[in-house]
Amino acid sequence: MARRGGAEKEEVMEYVPVLIVGAGPIGLALAGDLGFRGVSCLLVERGDGAITQPKMDMVGIRTMEYCRRWGIIPWVESAGYNRAYPQDCAWVTGLNGYEFGREVFPAPQDEKPPPQSPQKRERCPQNFFDPVLRRFAEQFDTVRIDYRTELADFTEADDHVDVTLRDVDSGETRRVRARYLVGTDGGASTVRHALGIEMQGEPTLTYTTNVVFRTDNLEALHDKAPGYRFIFIGPEGTWATLVAINGRDQWRFSLVGDQTRREVSEEELRAAIVRAVGKPFDFEILSILPWIRRQLVADRYGSERVFIAGDAAHLTSPTGGFGMNTGIQDAVNLSWKLAGALEGWGGPQLLKSYEIEQRPVAIRNVAEATGNLRRMLSPQAVSPPPEIFDDSGPVGDVARKTFGDHYTDLMRREWFSIGVHLGYMYEGSPVICADGTPQPEDTITTYVPTARPGSRAPHFWLPDGRSSLDLFGKAFVLMRFDAGADIAALVAAAAAAGMPLEVIDLDDPAAATLYERKLVLVRPDGQVAWRGDVIGDSADRIVAVVTGNPSSQSTKPRHTEAITV
């Protein structure tokens, strides 16, 4: 499909700066973030946007920080999930059997943000989250979404990509010329295959079948405390899970499976659901989805003008909730760099840094998710002692407690993963000015904020009640913790390069201690790009690096605004 070459002879009917293929959460987020930056884009999707099988249900803390930036937190919170529903995770023989252990979590409406962030994670399954992101994207006049439209072909040239789109219903085709093309078209990505990009990892972890069903008041059918997720353990080990899809009457049952591929009939699935609940009951099956749990990351994230993001670039087990959230990071990382390239201040290294920064994050997150799966399916869980299933008095009670405590220890790493969401680092990026400080330990269950270049700029509260994260988004931000620090050379260099820059003066000793330097330059995506106590004669070099220009070249001046907080 993909070809290199010059302009085609066919008439090009439409021109767009960015064409995005695939309107799942990643494509919608990318389109919305481009619109947020004033960049025109066209998003095409072969389906109609309806979600019958939500593939994610947890919006991670970093993604919620982006939602805060976009001003859509109220939309997420009111999207449809019952925010009063408890979020406990429990491991049981059945809903009417034994409970081995439970991790207690508050309902979404009661959970508080951790001290490291102004936000917290939110339960918002894809059937609720996609409409929120679509609403976000469609509020911008610069964003257009065409459903029932598929990618038929594309040709990449030196300065554009010629694309053929096909109307799924009529079969009619049309030609579009884009400056850049992004494939957010899922695990079977047409764009990735057209570019000849291979994926590395484990192609089959398990063959799993999901069933979304509806029943009224499931809680009345069993004696367990309500929970978001139940893990079912039988003599064969961990065999199924049950998740509250809307916190009311819809549930997702997953028959975990193994590496053996087989057809699972509806009759077998119904029997498995009844086994999990522990008694016959009435329920309506809404959808059935067989799927393959994978651990794969693309060898590369694109070419000069064509990129991939989300599941097109990395496939992960859902154990941990990292897949979609890693993809949203892809979208935000790529969006401001596309804007920089289109506006003329982004140099040749800027878009190249997308893969360099995001691919290691994907490898890390995919591996962690697989580790969570393997702990859930570990030998201790797969071969549980028979005593835990016997009603044998004290002997069974002791066996169940021993097994439950061990299983709880195995699973706890999955439930507490703030380090995965906030502690990622862009080590070795060509658009980060490293300051020579040692790389901190990459932790999973804990997170210590750091302003070391390449890291997420830490949160602190401003005097007016805003978070420091509210300062970041559309431009580079130079945080000045010492009003006497001379920044004139950096401001001039940024203006000469056309680099969007705001200067924020901050009189906050605690924040200054947190950021460790008098001057800290934060990128539009909220990552620290440079920090130091003095600029000296390094201004041109700093601007050249962070804008992806090997040698600093002046373009049109851009207004630079100073703000005191």
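For the structure, see preceding data.
Residues numbered from 1 in each chain as written. Predicted model: local features only at pLDDT ≥ 70, side-chain atom pairs only at ≥ 80, totals over all residues. Heavy atoms only, no water.

Broken down by element type, the chain carries 14 helices and 23 strands. Relative to the compact-globule value of 24 Å for 565 residues, the chain shows a C-alpha radius of gyration of 25 Å, a close match. Dimensions along the principal axes, computed over C-alpha positions, put the chain at roughly 80 × 60 × 35 Å. Sorting the 565 residues of the chain into buried and exposed places 59% on the buried side. Within the chain, residue pairs in contact and separated by at least 24 positions form 75% of the contacts whose partners lie at least 6 positions apart. Accessible surface computed for the chain: about 22,300 Å², of which carbon and sulfur atoms make up 50%. The distance from the centre of the 61 positive side-chain charges to the centre of the 77 negative ones in the chain is 1 Å. (Helix = DSSP H or I, 4+ residues; strand = E, 2+ residues; numbered from the N terminus. Rg over C-alpha atoms; globule rule 2.2 N^0.38 Å. Buried < 20%, exposed > 50% of the residue type's maximum accessible area, 1.4 Å probe, protein only. Contact = heavy atoms within 4.5 Å. Areas by Shrake-Rupley, 256 points an atom, 1.4 Å probe, with all protein chains shown as cover. Lys, Arg positive; Asp, Glu negative; His and termini not counted. Charge placed at Lys NZ, Arg CZ, Asp CG, Glu CD.)

Enumeration according to the criterion identifies 23 aromatic pairs in this entry. A ring pair is formed by F307 and Y354, whose centres lie 6.2 Å apart and whose planes are at 85 degrees; its orientation type is edge-to-face. Taken together, the positions of F307 in strand β17 (residues 306-308) and Y354 in helix α8 (residues 348-376) put the pair 47 residues apart, joining distant regions of the chain. In this structure, F307 and Y354 share a single accessibility class: buried. On the numbers, 6.3 Å between centres and 20 degrees between planes, the contact of W336 with W345 is stacked. Residue class for W345 comes out buried when judged on its relative accessible area of 4%. An aromatic cluster of at least three residues, connected via ring pairs, comprises W91, F100, F403, Y407 and W415. (Phe/Tyr/Trp six-rings, centres within 6.5 Å; stacked < 30°, edge-to-face > 60°.)

Let us now look at helix α12 (residues 488-497). Spacing of three or four residues puts side chains on the same side of an α-helix, whose turn is 3.6 residues. Taken together, the buried positions of α12 are occupied by L490, A493, A494, A495 and A497. Of the surrounding elements, those touching the buried residues of α12 are β19 (476-480), β20 (501-505) and α14 (539-546). Where α12 terminates, the next one or two residues include G498, which has phi positive at roughly 80 degrees.

A separate point is the nonpolar core. Counting 123 residues, the largest nonpolar core has L19, W70 and F253 as the members making the most contacts within it. Sort the elements by how many residues they give to this core and helix α7 (residues 323-343) lands first, with eight residues. Once residues within four sequence positions are removed from consideration, L19 is found in contact with L42, V44, V163, L165, V176, A178, Y180, L181 and V182. Counting residues in each nonpolar core, the second largest holds 26 residues, with A485, M499, I535 and I542 among its members. (Core = buried A, V, L, I, M, F, W, Y, C linked by side-chain atoms within 4.5 Å.)

A few words now on the sheet that holds strand β15 (residues 250-255). The strand order β6-β5-β13-β14-β15-β12-β16-β18 describes an open sheet built from eight strands, whose pairing is mixed. Strands at the two margins of the open sheet, each flanked by one partner only, are β6 (99-103) and β18 (314-315). Pairing analysis gives five bridges linking strand β14 (residues 237-244) to β15, with the strands arranged antiparallel. Looking across to β15, one finds that L242 is bridged to F253. The strands touched by helix α6 (residues 266-277) are β12 (199-214), β13 (229-234), β14, β15 and β16 (284-298); relative to β15, the strand with the most contacts, the crossing angle is about 105 degrees. (Pairing = 2+ DSSP bridges. Axes fitted to C-alpha atoms, helices over the stretch in contact; angles between N-to-C directions.)

What follows concerns the layout of surface pockets. In this approach a probe as big as a water molecule rolls over the atoms, and the regions it shows empty are the leftover space. Looking at the second largest pocket, its volume works out to about 530 Å³. Lining the second largest pocket are 23 residues, and of these Y207, T208, G257, T260 and V264 lie nearest its centre. Counting only elements with at least two residues in the lining of the second largest pocket, the list comes to β12, β14 and β16. Sorting elements by how many residues they give to the lining of the second largest pocket places β12 first, with five residues. The residue inventory of the lining of the second largest pocket, partitioned by class, reads 11 nonpolar, seven polar and five charged. (1 Å grid on protein atoms, 1.4 Å probe; cavity = no way out; pocket = protein on both sides within 12 Å on 5 of 7 lines; lining within 4 Å. Points joined across faces, edges and corners; volume = space filled by probe spheres on them. Nonpolar A, V, L, I, M, F, W, Y, C, P; charged D, E, K, R; others polar.)

With that out of the way, let us pick up the environment of V104. Here V104 is to be found in the loop between β6 and β7 (122-123). Along the primary structure V104 and V395 are separated by 291 residues, whereas in three dimensions their C-alpha atoms are 26 Å apart.

This part takes up the pattern of salt bridges. The full count for this structure, using the stated rule, is 45 salt bridges. Of the charged contacts in the structure, one is a salt bridge between E357 and R523, with a shortest N-O distance of 2.8 Å. Residue E357 is found in helix α8, and its partner R523 is found in the loop between β21 (519-522) and β22 (528-532); the two are separated by 166 residues along the sequence. Overall, the relative accessible area of 1% leaves E357 in the buried class. A residue is classified by how much of its surface remains accessible, and R523, at 0% relative accessible area, is buried. Taken together, the shared-partner salt bridges in this structure form one network comprising E14, R144, D146 and R174. (Salt bridge = Lys/Arg side-chain N within 4 Å of Asp/Glu carboxyl O.)

With five of seven residues buried, strand β10 (residues 161-167) lies mostly within the body of the structure. As paired elements, strand β9 (residues 149-156) and β10 share seven bridges and run antiparallel to each other. The partner of E150 across the bridge, within β10, is R166. Counting the residues in the hairpin turn of β9 and β10 gives four residues. Of the strand pairs in this sheet, β10 and strand β11 (residues 173-183) are connected by six bridges, and their pairing is antiparallel. Residue D162 lies in a different strand from β11, and its bridge partner there is R177. What sits between β10 and β11 in their antiparallel hairpin is a turn of five residues, with G171 showing a positive phi close to 80 degrees.

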